[in-house]
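If you want the building blocks of each chain, they are given just below.
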Amino acid sequence: MKVSAIMTSKGTKALAEDFQKKVLARLSMEGTAESLDLLYTLRDELKQEASAGLSSSEEIGRLVSGLGAIRFSDEILGYAERFDRLLAEQFAARASVNRIHELSCAFNEKLVSTALIHSMDLLHQEGRFPPDVPTALMVSGEMGRREVILGERSSFFFIFQDSDPEEREYLDDLAIRLMAVLSVRFPSVSRSLFKGGNLFWSGSRSEWESFVSAPLRGADPGSSMSGSESDELLFSRMLETAADLRWICGDRELSESLLTHTGKLLAEVVSGDRFWHLAKTVAVMPLALSIFGRIKTERSGKHRGEFSLKELAIDPLVACARMLAVAQGVTGTATIARLKAVLAAGNLGVTLADRLLVAYQDFMRQFVRIELGTGSLDGNLFLNPDDLDEASRERLISGLEDISTLQRFVYQQLVEVEQ
C-alpha cells in the first residue's frame, strides 16, 4: 500500500511522495543485498512505530472495561490515577495527539456513564427505584469537542423529561449523587458558568430549554444565572456550551431533540448583533505574538518568560473554528472536524487549512505534554519558549501567524459582511 493512500492533506501527501522517490532512487543504486537490507530496516522501523505505546494502550482498554464493575465511589479515584499514569506512558512512547484524545475520551466517557449507573445503585440501596422518565447525560467543553486530556475543562448536563413531583424528587436526588460521584474524578465540578473547571447542571427539558435560550435570546444581566457578569459574557459562554454539546448516554430520542432545539437556537443568533459582536471579539483575541513577529511572554511574576498556551494559542484557534462552524450550521464539535468542514464549504483556502491543522497538532502536543507532566491548578498551562529547540520555536511562531491569519478570515467573513 502506498504511504500517500492514508494521508489527507496535500502537504503530507507531497512529503510521502518525496519519501517514496528517495527510497526508489536509493534502491536503484544499490545491489540486491543492499536493497533488501534497506527494506528490512524500513520494515523494522515501521513495526517499531506501530507498536509504540501498544502495551499502555491495551492496559487502558482493560481499565475502561473494568470501570463497569465498580461498587464504591472511591474506586473511581484509583481507576483515574492509574489511567493518568498510563496515558502519560502512552504519550511518552508515541506523542500522538489524536491517540491521546481518543484514549482519554474512551476512558472519561465510560467513567461518566458508570458514575450515573453507580448513582442509581446508591438510590437502589435505599429502596428507591427510577421512574419511567427518559433521561440524557450530555457533555460540553473539551469532552464535548472530544479534545479531553485529563478532563479538567468539561461540562456535564443531566436532563430529563418533565415529570410529576414524586418522579422529580427521585431525579433531583439522583442528580445530587451523580454530581458527588463525578467530583471524585473532576474535583472542580460546580454549578456556575463562570467559576471555571467543570460545570454540572441538572433539570427538566423545559428548564434546560429556558437555561439555554435565555442567554442566547437576551437574558437580564442581573438574573441569578448571570450574577454580576455582563450579558455579552453570558451570551459567549452559552454559545460555546451549546455549540460544543453532545450526547454521552441515556435516551437517544431525548438527546436528539435537545440537540435539535439547541441547533435551532444557534441558527437564530447567527444573524443577530450579539453574534456579530462576539465574532469581532474572537477575531481580536490576543495571541502570544508581538507586532514584530516574536513570541510574547510574561515579563514578571511566577510565569516570567512563559505564556499561557491555552489562552494565547489554543483558545483563539478553537474559538475561530467554532464561530465559523456555527455560522455555517456545522454540527461537528471537534476543532479539526470544524476546520475541515469550513474547508469543504469552499470558504477556507487549502494551504491555510493545512497549516492550521499542523498548528493545532503542534500546540496541542505541547499542551498534552505539560498537562500530563506538571499540570496546573487553574488549567491555564504555560509554555516556556526557551525550552524548545530552534526548529520548534520557528514552528511555534509560524503556527501563531497562521492563527492570526484565521482571525482576519473570521473578521472578513463574519464581521465585515455585517457592517
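These figures come from a predicted structure and were not determined experimentally.

Definitions and cut-offs
Residues numbered from 1 in each chain as written. Predicted model: local features only at pLDDT ≥ 70, side-chain atom pairs only at ≥ 80, totals over all residues. Heavy atoms only, no water. Helix = DSSP H or I, 4+ residues; strand = E, 2+ residues; numbered from the N terminus. Buried < 20%, exposed > 50% of the residue type's maximum accessible area, 1.4 Å probe, protein only. Contact = heavy atoms within 4.5 Å. Areas by Shrake-Rupley, 256 points an atom, 1.4 Å probe, with all protein chains shown as cover. Salt bridge = Lys/Arg side-chain N within 4 Å of Asp/Glu carboxyl O. Core = buried A, V, L, I, M, F, W, Y, C linked by side-chain atoms within 4.5 Å. Axes fitted to C-alpha atoms, helices over the stretch in contact; angles between N-to-C directions. Parallel < 35°, antiparallel > 145°, perpendicular 65-115°, else oblique. Left-handed = near helix turned anticlockwise from the far one by under 90°. Pairing = 2+ DSSP bridges. Phe/Tyr/Trp six-rings, centres within 6.5 Å; stacked < 30°, edge-to-face > 60°.

Draft legend 1. Local environment of the overall build of the protein chain. In terms of regular secondary structure, the protein chain is built from 15 helices and seven strands. For the protein chain, buried positions account for 45% of its 419 residues. By sequence separation, contacts in the protein chain at least 24 residues apart represent 71% of the contacts at least 6 residues apart. Counting only carbon and sulfur atoms, one obtains 51% of the accessible surface of the protein chain, whose full area is about 20900 Å².

Draft legend 2. The pattern of salt bridges, seen in detail. In the structure shown here, the tally under the stated rule is 22 salt bridges. Salt-bridge contacts for D402 lead to R355; the nearest nitrogen and oxygen are separated by 2.9 Å. One end of the pair, D402, is in helix α15 (residues 390-415); the other, R355, is in helix α14 (residues 350-373), with 47 residues separating them in the sequence. Given a relative accessible area of 7%, D402 falls into the buried group. Residue R355 is classed as partly exposed on the basis of its relative accessible area, which comes to 36%.

Draft legend 3. Expanded view of the environment of V330. Residue position: V330 is located in the loop between α12 (309-328) and α13 (335-344). Sequence-distant contacts of V330, defined by excluding residues within four places in its chain, comprise A325 and A341.

Draft legend 4. Region of the structure containing the nonpolar core. If you look at the biggest cluster of nonpolar residues, it comprises 116 residues, and the most contacted ones within it are F158 and L239. With residues near it in sequence (within four places) discarded, F158 still touches L116, T135, A136, L137, L171, L174, A175, L178, F200, W201, S202 and G203.

Draft legend 5. Molecular detail of the packing of α14 against α15. Viewed as axis vectors pointing N to C, α14 and α15 meet at an angle of 125°, and their least axial separation amounts to 9 Å. As the angle between them shows, α14 and α15 are arranged oblique. Crossing geometry of α14 relative to α15 is assigned as left-handed. Between α14, through L352, R355, L356, V358, A359, D362 and F363, and α15, the contact on the second element is made entirely by R395, L396, S398, G399, L400, D402, I403, T405 and L406.

Draft legend 6. Quick peek at the sheet that holds strand β3 (residues 189-190). A sheet is described by the order of its strands in space; here five strands give the open sequence β3-β4-β2-β1-β5, paired in mixed fashion. For this open sheet the edge positions go to β3 and β5 (246-250), each flanked by a neighbour on one side alone. Bridging between strand β2 (residues 154-160) and strand β4 (residues 198-204) involves six bridges; their strand directions are parallel. The residue of β4 that forms the bridge with S155 is L199. Its contacts with the sheet put helix α7 (residues 165-185) on β1 (135-140), β2, β3 and β4, and the angle it makes with β2 is roughly 160°. Docked against the sheet, helix α10 (residues 252-269) engages β1, β2 and β5, running at close to 45° with respect to β1.

Draft legend 7. Spatial organisation of the side chain of Q407. Inspection of the secondary structure assignment puts Q407 in helix α15. In this structure, Q407 is in contact with V282, A283, V284, M285, L287, P316 and C320, ignoring residues within four places of it in sequence.

Draft legend 8. Highlighting the environment of T135. Within the fold, T135 resides in strand β1. With 115 residues separating them along the chain, T135 and G250 place their C-alpha atoms 5.6 Å apart. Once residues within four sequence positions are removed from consideration, T135 is found in contact with F158, I159, F160, L171, G250, D251 and L254.

Draft legend 9. Inspection of the packing of aromatic side chains at higher detail. Scanning the model with the defined rule gives eight aromatic pairs in all. Ring geometry for F83 and F107: centres 4.1 Å apart, planes at 0°, overall stacked. Of this pair, F83 sits in helix α4 (residues 74-93) while F107 sits in helix α5 (residues 97-125), and the two are 24 residues apart along the sequence. An angle of 25° between the planes, with centres 5.0 Å apart, marks the rings of W201 and F211 as stacked. Note that W201 is positioned in strand β4 and F211 in helix α8 (residues 205-217), a separation of ten residues in sequence. We classify W201 as buried; its relative accessible area is 13%. Residue classification places F211 among the buried positions, given a relative accessible area of 9%. Each residue in the set F157, W201, W208 and F211 is aromatic and connected to the rest through ring pairs, giving one cluster.

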